[in-house]
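So you can see what is in the structure, the chains are spelled out below.
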Amino acid sequence: MAAGPAAPRRLNVNVGVLGHIDSGKTALARALSTTGSTAAFDRAPQSRARGITLDLGFSCLRTALPPQLGPGPGELQFTLVDCPGHASLIRTIIGGAQIIDLMMLVIDVTKGMQTQSAECLVIGQIACQKMVVVLNKIDLLPESKRQSAIEKMTKKMQKTLENTKFCGCPIVAVAAKPGGPEAPESETPLGVSELIEVLKSQAYLPSRDPSGHFLMAVDHCFSIKGQGTVMTGTILSGSVSLGDNVEIPALKVMDDYSVIGRSLFKKETNIQIFVGLKVKLSTGEDGVIEGGFGQSGKFKIRIPDGLRPDTKMLLTVASKKKSKASKGDAAKEDEGSKSDSAQPVAITLLFKRYVFDMQKKMIQS
């Protein structure tokens, strides 16, 4: 019995899409992609409500395997990791950068390097070896001056990068979504095919070690009716096969840089809409809402500068009281219900919504 032809090999390269907020990262990922995941292109309602990317988005571009990656037929798959650009979501950006092999730094050609552009450049220096700079939104430049403006920004970027590991890296000019977000989908992107060729030229065989214990960073967790809970993510070490048992480690609830809040949202509230918004504790610390915690309306807050010792003491005392109350002694619980139910640390969330804004975006100063 003759054996059939061997399946063509597929090489995967993870490409991070990083840059300042509103530089067009998600539009670029959409223009490049041949397949999008359930979390791609800001599909989540909370991202659409806020008008920004709140979480990592995953999609992929499949193309022919370039000659430098070996002889014979094959497919090169670029997994595009669309990272948020908002400063308050820097931990999510860092999480995305930890899994990438190649970085695209997206720059608004009309603005040049901005605050988060510089932060993403620093992250890239630590996290990956190769980078491609993408000058986006060239359609906003007057056509008569477009080429000279692109050349001027290219020289600025070359000067910015000359003392970094990315000195001499490719710089490509594109318009991922000509006409902006409201333009019809029929508008053809500019420069994307050239960018794909540059990405292919920069692709390399990434180091993957299948030995050791299986360790996977979970990026998304969601339910599918009839199937149960689905977790997707990136394998950091080891390997896994169909039918293997996987251990999910226990979740640590609170540390010096995070707390769990309650009584601010109702059980049915979609807390993801509020992710990235700033809050203030009554003890003085500033925090950022990171996401929901459980199904009862609780939520996790990140404290960038850490909790003060007296705040930790208050939270520890409150936790002990709650633990005692849950063990019994209903009479004591009734007697002290007023004092025990009072929040030792209050959480304040302030934002504005403008009556003329149809999208009802939440604005913080």
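Structure: see above.
Only a predicted model underlies this, so the values are computations on that prediction, with no experimental measurement involved. (Residues numbered from 1 in each chain as written. Predicted model: local features only at pLDDT ≥ 70, side-chain atom pairs only at ≥ 80, totals over all residues. Heavy atoms only, no water.)

K.L.:
In this structure, what is going on with the pattern of salt bridges? I would like to understand it.
P.N.:
Two side chains with opposite charge may pair up if their charged atoms get near one another. Applying the stated criterion across every chain, the model contains six salt bridges. One salt bridge in this structure joins K137 and D108, with 3.7 Å as the shortest N-O distance. Taken as a pair, K137 in the loop between β6 (130-136) and α5 (146-161) and D108 in strand β5 (residues 102-108) lie far apart in primary sequence, 29 residues in all. Judged by relative accessible area, which is 22%, K137 ranks as partly exposed. (Salt bridge = Lys/Arg side-chain N within 4 Å of Asp/Glu carboxyl O. Helix = DSSP H or I, 4+ residues; strand = E, 2+ residues; numbered from the N terminus. Buried < 20%, exposed > 50% of the residue type's maximum accessible area, 1.4 Å probe, protein only.)

K.L.:
Quick question: what am I supposed to make of the packing of helix α1 (residues 25-32) against helix α6 (residues 192-202) here?
P.N.:
A pair of packed helices is characterised by two quantities: the angle between their axes and the separation of those axes. At a minimum axis separation of 10 Å, α1 and α6 run at an interaxial angle of 80°. In terms of axis orientation, α1 runs roughly perpendicular to α6. On α6, the residues touching L28, A31 and L32 of α1 are V192, L195, I196 and L199. Across the contact of α1 with α6, the residue classes break down as seven nonpolar, no polar and no charged. (Axes fitted to C-alpha atoms, helices over the stretch in contact; angles between N-to-C directions. Parallel < 35°, antiparallel > 145°, perpendicular 65-115°, else oblique. Contact = heavy atoms within 4.5 Å. Nonpolar A, V, L, I, M, F, W, Y, C, P; charged D, E, K, R; others polar.)

K.L.:
What exactly am I supposed to notice about the environment of F299 here?
P.N.:
Its place among the elements puts F299 in strand β13 (residues 299-302). For F299, a relative accessible area of 0% translates into the label buried. With 24 residues separating them in the primary sequence, F299 and V275 have C-alpha atoms 9.5 Å apart. The residues contacting F299, other than those within four sequence positions of it, are V259, I260, G261, R262, L264, F265, I271, I289, G291, G292, F293 and I347.

K.L.:
Looking at this structure, how should I read the nonpolar core?
P.N.:
Within the largest apolar cluster, 26 residues are counted, with the highest numbers of intra-cluster contacts made by L28, L32, F78, M104 and L195. Mapped onto this core, the elements with two or more residues apiece are β1 (9-19), α1, β4 (74-82), β5, β6 and α6. Broken down by element, this core gets its largest block of residues, five residues, from α6. M103, V109, M131 and L141 belong to the second largest nonpolar core, which has 25 residues in total. (Core = buried A, V, L, I, M, F, W, Y, C linked by side-chain atoms within 4.5 Å.)

K.L.:
Any chance you could explain a nonpolar patch on the surface here in plain terms?
P.N.:
A surface patch of nonpolar side chains, amounting to about 470 Å² of accessible area, comprises Y354, V355, F356 and I363. Position of I363 relative to the elements: it lies in the segment after β14 (347-349). (Patch = residues over 30% accessible without salt bridge, like charges linked within 9 Å, V, L, I, M, F, W, Y side chains within 5 Å. Areas by Shrake-Rupley, 256 points an atom, 1.4 Å probe, with all protein chains shown as cover.)

These figures capture arrangement, not role.
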